[in-house]
Amino acid sequence: MASISELDSLQNTFNAAIDTIREELKANGLPELSTLSTVPHPYDEGSKLPSTKFYRARDTAIAALTRLDALIQDPYKRINQVVYGVYETAALDVAVKTGVVDALLEAPDVSRGLSLAELQSKLDVDAAKLAILLRLLASKGWFHETSEGVFAVTRPSLQLRNGSNGWKTVLTPGKPKVADSLYDMITHPQWKYSQNSKETAYQLAHNTDLIMFEHLYKYNADTAKLFANSIKALGDELTPGILEDFPWSNFEGRTIVDCGGGQGSMTLLLVPRLKETKFVIQDLAGPIELAKKNVEVMLPEAWKAGRITLEEHDFFTPQTQTGSDKVFIFRWVLHDWPDDEAVKILSGAAKGGGKGARVLIIEFVVIPGTVKPVESQTPLDDALPPYIPADYGQVSTIAHDMGAHMLAILNARERTLAEYESLVNRAGMKVVKLWNMRSSLSVIEVEVL
Ligand SMILES: C[S@@+](CC[C@H](N)C(=O)[O-])C[C@H]1O[C@@H](n2cnc3c(N)ncnc32)[C@H](O)[C@@H]1O
């Protein structure tokens, strides 16, 4: 067999993926991609899902590109990029909170942008200091320095406009603070082997004994709202692929219980699709109040028709929704908990529903980067090109970043399919299928035995 070098192979993979991206845009009558565009591309709007071919080609191109970067880059420079990467986060924070993006979008000529002096007079921020941060961000593609000292938005920065999902994500505080205590958590003399959700970097960073949720809801109402908004933003961005690619109609006519449903964002998306289905949103008191407001405003007819029930329910207490017609959804719930608690939560649903009830676990499923993904029924599992990790490397960054975040705030984790299967079996259920879709999230379909 002819051997092909890593460099050649990755280049071929990258080129083929880019060709597919170009062809798919053309075939679907869509405009070319442009970083310097001052309007979003149709695929930037969460509402328009890319074709499956485009989606997979994009994953492949990004995976190949990051492997190429690792292959050709000077390792010391890569380390510097990562270590100083904290300033990209901080600079984005400054840009969003001072309103740079919205100011640039109000420029008389948006594609020219505004000068540093104009930004200073609009935002009351020192132009010389802003120059340093905007140039840093421009080097990463967030802004465009159209002439020396004049900055304009780029297509990626449109996600930082006031009210957009990227903006909500940047505004959620606390990650650097908690991340800074991760080493102390990992090496803590009493806690280093702990699985306790109250013995984490979160407690160290905030000097509290309370579990993160309690600390947020009881004492940090403003942060709790921002936290809820960022989860909603993540849901809005990652759920369209699940709505399209998962066969929800199989559950039409049953009752869907959104356990730990938060503001109800998953239910809000499902109600219009399943017109014969009833929904129950369960959570602790704080989020249920938010969910009620959302449901009343966004789904007034379904609310008045009694299709949606809001229930204050602690998922460590016996499930109030019983019967095998129930479908229990857990989106981003199990990843908040260590194994024993996760089994307790799942057992509650299993006991409530009884034999035949279904559970849908919606999570980032971690794929070890070295092995082929499990078989699934989806069209996304093309053969893996050589040198591309099974998790598509950087494409899975979100799952690994979230895993580290869950560890730091709750001693929890993102899990592999095998790890979920073990929790599911301990709770008296079996995995029916893993659904991979046009989303970073997967659905694990589970049946109560
Ligand atoms: C990461 S959020 C996910 C929210 C929602 N499932 C979604 O996808 O938007 C986790 C949710 O679990 C809820 N939660 C935490 N402890 C709980 C408990 N003991 N009983 C019920 N819900 C709980 C939190 O209030 C929060 O809304």
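Provided above is the structure to which this section pertains.
All figures in this text were calculated on a predicted structure; none of them were measured in a lab. (Residues numbered from 1 in each chain as written. Predicted model: local features only at pLDDT ≥ 70, side-chain atom pairs only at ≥ 80, totals over all residues. Heavy atoms only, no water.)

(A) Seen up close, the site of the ligand. Close to the ligand lie 18 residues, the nearest being Tyr217, Gly260, Asp283, Asp314 and Arg331. Between Asp283 and the ligand, the recorded distance is 2.7 Å, taken from a side-chain N or O atom to an oxygen atom. Within the complex, the protein chains bury 95% of what would otherwise be the 590 Å² of accessible surface of the ligand. Broken down by class, the residue content of the shell around the ligand amounts to nine nonpolar, five polar and four charged. (Near = heavy atom within 4 Å. Polar contact = N/O pair within 3.5 Å; in protein donor to acceptor, adjacent residues only side chain to side chain. Areas by Shrake-Rupley, 256 points an atom, 1.4 Å probe, with all protein chains shown as cover. Nonpolar A, V, L, I, M, F, W, Y, C, P; charged D, E, K, R; others polar.)

(B) Examining the packing of helix H12 (residues 212-219) against helix H13 (residues 221-238) more closely. One way to put it is that H12 packs onto H13 with a least axis distance of 6 Å and a crossing angle of 120°. Compared by their axis directions, H12 and H13 come out oblique. For the pair H12 and H13, the sense of crossing is left-handed. Two secondary-structure elements touch here, H12 through Met212, Phe213, Leu216, Tyr217 and Tyr219 and H13 through Ala221, Thr223, Ala224 and Phe227. Of the residues contributing to the contact of H12 with H13, the split by class is eight nonpolar, one polar and no charged. (Axes fitted to C-alpha atoms, helices over the stretch in contact; angles between N-to-C directions. Helix = DSSP H or I, 4+ residues; strand = E, 2+ residues; numbered from the N terminus. Parallel < 35°, antiparallel > 145°, perpendicular 65-115°, else oblique. Left-handed = near helix turned anticlockwise from the far one by under 90°. Contact = heavy atoms within 4.5 Å.)

(C) Looking closely at the packing of helix H6 (residues 116-123) against helix H7 (residues 127-139). Direction vectors running N to C along H6 and H7 enclose 115°, while the axes themselves pass 9 Å from each other. In terms of their interaxial angle, H6 and H7 are classed as roughly perpendicular. For the pair H6 and H7, the sense of crossing is right-handed. When H6 is examined against H7, the residues Leu116, Ala117, Leu119 and Gln120 are found in contact with a partner set consisting of Ala127, Leu130, Ala131 and Leu134. Here the residues of the contact of H6 with H7 sort into seven nonpolar, one polar and no charged.

(D) View of the side chain of Ser442. Inspection of the secondary structure assignment puts Ser442 in strand S12 (residues 442-448). Engagement of the side chain of Ser442 in a polar contact is seen with the side chain of Asn436, the distance being 3.1 Å. Contacts of Ser442, omitting those with residues within four sequence positions, involve Ile361, Ile362, Glu363, Val365, Leu434, Trp435, Asn436 and Met437.

(E) How the structure looks around empty space enclosed by the protein. Enumeration according to the criterion identifies one cavity of 30 Å³ or more in this entry. Looking at the largest cavity, its volume works out to about 40 Å³. Every residue lining the largest cavity is listed: Cys259, His313, Phe315, Thr317, Gln319, Phe330, Ile345, Gly348 and Ala349. (1 Å grid on protein atoms, 1.4 Å probe; cavity = no way out; pocket = protein on both sides within 12 Å on 5 of 7 lines; lining within 4 Å. Points joined across faces, edges and corners; volume = space filled by probe spheres on them.)

(F) Region of the structure containing the packing of aromatic side chains. If you walk through the whole model with that rule in mind, you get ten aromatic pairs. With a centroid separation of 4.8 Å and 65° between ring planes, the pair formed by Tyr43 and Phe54 is classed as edge-to-face. Of this pair, Tyr43 sits in the loop between helix H1 (6-27) and helix H2 (52-72) while Phe54 is found in helix H2, placing the two residues eleven residues apart along the sequence. Overall, the relative accessible area of 11% leaves Tyr43 in the buried class. Relative accessible area serves as the criterion here: at 2%, Phe54 is assigned to the buried category. Considering the side-chain rings of Phe316 and Trp337, the 5.0 Å spacing of their centres and the 80° angle between planes classify their relative orientation as edge-to-face. Taken together, the residues span a long stretch of sequence, with Phe316 in the loop between strand S6 (308-312) and strand S7 (326-331) and Trp337 in the loop between S7 and helix H18 (339-353) at a distance of 21 residues. Ring-pair connections join several aromatic residues into one group, and the members of that group are Phe213, Tyr217, Phe315, Phe316 and Trp337. The aromatic ring of Tyr392 is capped on one face by Arg56, whose charged end is 4.4 Å from the ring centroid. (Phe/Tyr/Trp six-rings, centres within 6.5 Å; stacked < 30°, edge-to-face > 60°. Buried < 20%, exposed > 50% of the residue type's maximum accessible area, 1.4 Å probe, protein only. Lys NZ or Arg CZ within 6 Å of the ring centre and 35° of its normal.)

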